[in-house]
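# Structural description and commentary
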Amino acid sequence: MKPQRIVSLLPSATEIVCALGGLAQLVGRSHECNFPPEVLPLPSCTKSRINGIASSAEINEEVTAKRGMGDLYELDVSQLHALQPDLIVTQGQCEVCAISEATVQKVLRDWPGHPPKVVSLAPKRLSEVWDSFGQVGRAVELSDDGREVIKSLKMRVVTIIERACVIKNRPRVACLEWLDPLMAAGNWVPEMVDLAGGKNLFGIAGEHSPWMTWQDLAAQNPELIVLMPCGFDLGKTICEADALKRNPSWSKLNAVKRGEVYAVDGSHYFNRPGPRLVDSIEILTEILHPKLFGQKNQGKAWKRRG
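Right, let's walk through the structure included here. Given the structure is predicted, the values throughout are model-derived calculations rather than measurements. (Residues numbered from 1 in each chain as written. Predicted model: local features only at pLDDT ≥ 70, side-chain atom pairs only at ≥ 80, totals over all residues. Heavy atoms only, no water.)

### Remarks on the overall build of the chain
In terms of helices and strands, the chain carries 13 helices and 12 strands. The buried share of the chain, reckoned over its 306 residues, is 53%. Sequence-distant contacts, at least 24 apart, represent 67% of the contacts inside the chain between residues at least 6 apart. As displayed, the chain offers around 14000 Å² of accessible surface, 50% of which is attributable to carbon and sulfur atoms. Averaging the locations of the 36 positively and 35 negatively charged side chains of the chain gives two centres separated by 5 Å. (Helix = DSSP H or I, 4+ residues; strand = E, 2+ residues; numbered from the N terminus. Buried < 20%, exposed > 50% of the residue type's maximum accessible area, 1.4 Å probe, protein only. Contact = heavy atoms within 4.5 Å. Areas by Shrake-Rupley, 256 points an atom, 1.4 Å probe, with all protein chains shown as cover. Lys, Arg positive; Asp, Glu negative; His and termini not counted. Charge placed at Lys NZ, Arg CZ, Asp CG, Glu CD.)

### Points about the sheet that holds strand 5 (residues 87-91)
The parallel open sheet is built from four strands, whose spatial order is 2-1-5-6. A single partner strand is all that each edge strand has here, and the edge strands are strand 2 (26-28) and strand 6 (117-121). The sheet shows a mean angle of 30° between the axes of neighbouring strands, direction not considered. Strand direction decides the pairing type here: strand 5 and strand 6, joined by five bridges, are parallel. Looking at the pairing, Thr 90 lines up with Ser 120 of strand 6. (Pairing = 2+ DSSP bridges. Axes fitted to C-alpha atoms, helices over the stretch in contact; angles between N-to-C directions.)

### Here we look at the packing of helix 5 (residues 126-140) against helix 6 (residues 147-164)
The contact between helix 5 and helix 6 brings their axes to 10 Å, and the two run at 160°. One element, helix 5, and the other, helix 6, form an angle in the roughly antiparallel class. In the crossing of helix 5 with helix 6, the sense of the turn from one axis to the other is right-handed. Residue-level inspection shows Trp 130, Phe 133 and Gly 134 of helix 5 in contact with helix 6, the latter providing Val 149, Ile 150, Leu 153, Lys 154 and Val 157. The residue inventory of the contact of helix 5 with helix 6, partitioned by class, reads six nonpolar, one polar and one charged. (Parallel < 35°, antiparallel > 145°, perpendicular 65-115°, else oblique. Left-handed = near helix turned anticlockwise from the far one by under 90°. Nonpolar A, V, L, I, M, F, W, Y, C, P; charged D, E, K, R; others polar.)

### Some points on the environment of Asp 233
Following the sequence through the fold, Asp 233 ends up in the loop between strand 10 (224-227) and helix 9 (234-244). Look at Asp 233 and you get partly exposed, because its relative accessible area is 38%. Placed 32 residues apart in sequence, Asp 233 and Asp 265 show a C-alpha to C-alpha distance of 4.5 Å. Once residues lying within four places of it in the same chain are set aside, the contact partners of Asp 233 are Val 264, Asp 265 and Ser 267. A distance of 3.3 Å separates a polar atom in the side chain of Asp 233 from the backbone nitrogen of Gly 235. (Polar contact = N/O pair within 3.5 Å; in protein donor to acceptor, adjacent residues only side chain to side chain.)

### Re the pattern of salt bridges
For the structure shown, the criterion picks out 11 salt bridges. When the shortest N-O distance is used, the salt bridge between Lys 47 and Glu 74 registers 3.9 Å. You can see Lys 47 sitting in strand 3 (residues 46-48) and its partner Glu 74 sitting in strand 4 (residues 73-75), a full 27 residues away along the chain. In this structure, the salt-bridge partner of Asp 279 is Arg 156, at a minimum N-O distance of 3.5 Å. With Asp 279 in helix 12 (residues 277-288) and Arg 156 in helix 6, the pair connects residues that are 123 residues apart, well separated along the chain. (Salt bridge = Lys/Arg side-chain N within 4 Å of Asp/Glu carboxyl O.)

### Description of helix 2 (residues 56-66)
When helix 2 is considered as a whole, its buried residues turn out to be Ser 56, Ile 59, Asn 60 and Val 63. The buried side chains of helix 2 occupy one side of the element, clustering within an arc of 100° when seen end-on. Among the structural elements, strand 7 (172-179) and helix 9 are those in contact with the buried residues of helix 2. (Arc of directions from axis to C-beta.)

### Observations regarding the nonpolar core
For soluble globular proteins, the rule of thumb is that nonpolar side chains tend to be buried together. Among the nonpolar cores identified, the biggest contains 52 residues, and Trp 130 and Phe 133 are the most heavily contacted of them. Once residues lying within four places of it in the same chain are set aside, the contact partners of Trp 130 are Ile 150, Leu 153, Lys 154, Val 157 and Val 278. Judged by nonpolar contacts, the second largest core, of 22 residues, contains Val 27, Leu 72, Leu 75 and Val 107. (Core = buried A, V, L, I, M, F, W, Y, C linked by side-chain atoms within 4.5 Å.)

### A short note on the packing of helix 6 against helix 12
At their nearest, the axes of helix 6 and helix 12 sit 10 Å apart, and the two run at 15° to each other. What the angle tells us is that helix 6 and helix 12 run roughly parallel. With respect to the hand of their crossing, helix 6 and helix 12 are arranged in left-handed fashion. Contacts between helix 6 and helix 12 involve Leu 153, Arg 156, Val 157 and Ile 160 from the first element and Val 278, Asp 279, Ile 281, Glu 282 and Thr 285 from the second. Considering only residue class, the contact of helix 6 with helix 12 consists of five nonpolar, one polar and three charged.

### Some remarks on the side chain of Glu 282
Structurally, the position occupied by Glu 282 is in helix 12. The buried category is assigned to Glu 282, whose relative accessible area is 17%. Excluding its chain neighbours within four sequence positions, the residues that come into contact with Glu 282 are Arg 156 and Ile 160.

What follows is the structure, given as structure tokens:
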């Protein structure tokens, strides 16, 4: 039977459901699901046990202290029961980013009556992000199981590739997914840098984002640095960027000397493996090669931090 009531506990999944035409079937969301704006009136079924307005260092300390002491997110079981979903979309990739599949499955063991179906997403590469559309589309039983949406998104990527093929000088790029301590961006980001006409220095495509040291950053001495801390919007990233200046190694980096440091809205774009990853690639092209791609997203999705 076609699911009529869907709860999405993952921002990227919410965007995928809506991109596939399933907005009307959504009855609940996570506290972080904020796009498209039409989902905001839906009741939230989760909340964070971490102080999201704290600094990078403070959040890292809190996560480290609470690791092994239970989930970092709380699932509102009463709200979930009240919504009576046929389908719950969750994730199995990162317990620090959102409610885990294990938490959802634990709740379903005591579910009154027939429990809802669960779809768990865990993409690590761009190809797996595309697969997520089909996975959700089939579960929701929409007329378009994702093929047309994926085709449209891929055509935008093809356009980028065709324009980027003339690029001869690819800047050496460091993408930072956390700022204190330093973490390089992994998973799909290295592929995106390559597609946008850059040479990624840290993080391996398809692998979790790795921690790194200031010595690592100084040794590679990137020509360009993109700051995309996980879960931070553009304004928060800009605030956190100022803290980097306190490290004596910062001012010695080539990217800093050249004024090639950029803050981006990681929360809405780079950290969210949904349809707007294509927007993220386009943002990278604007940062890396503005003369070729223009700068239409400057100020809205990214800013130079000099």
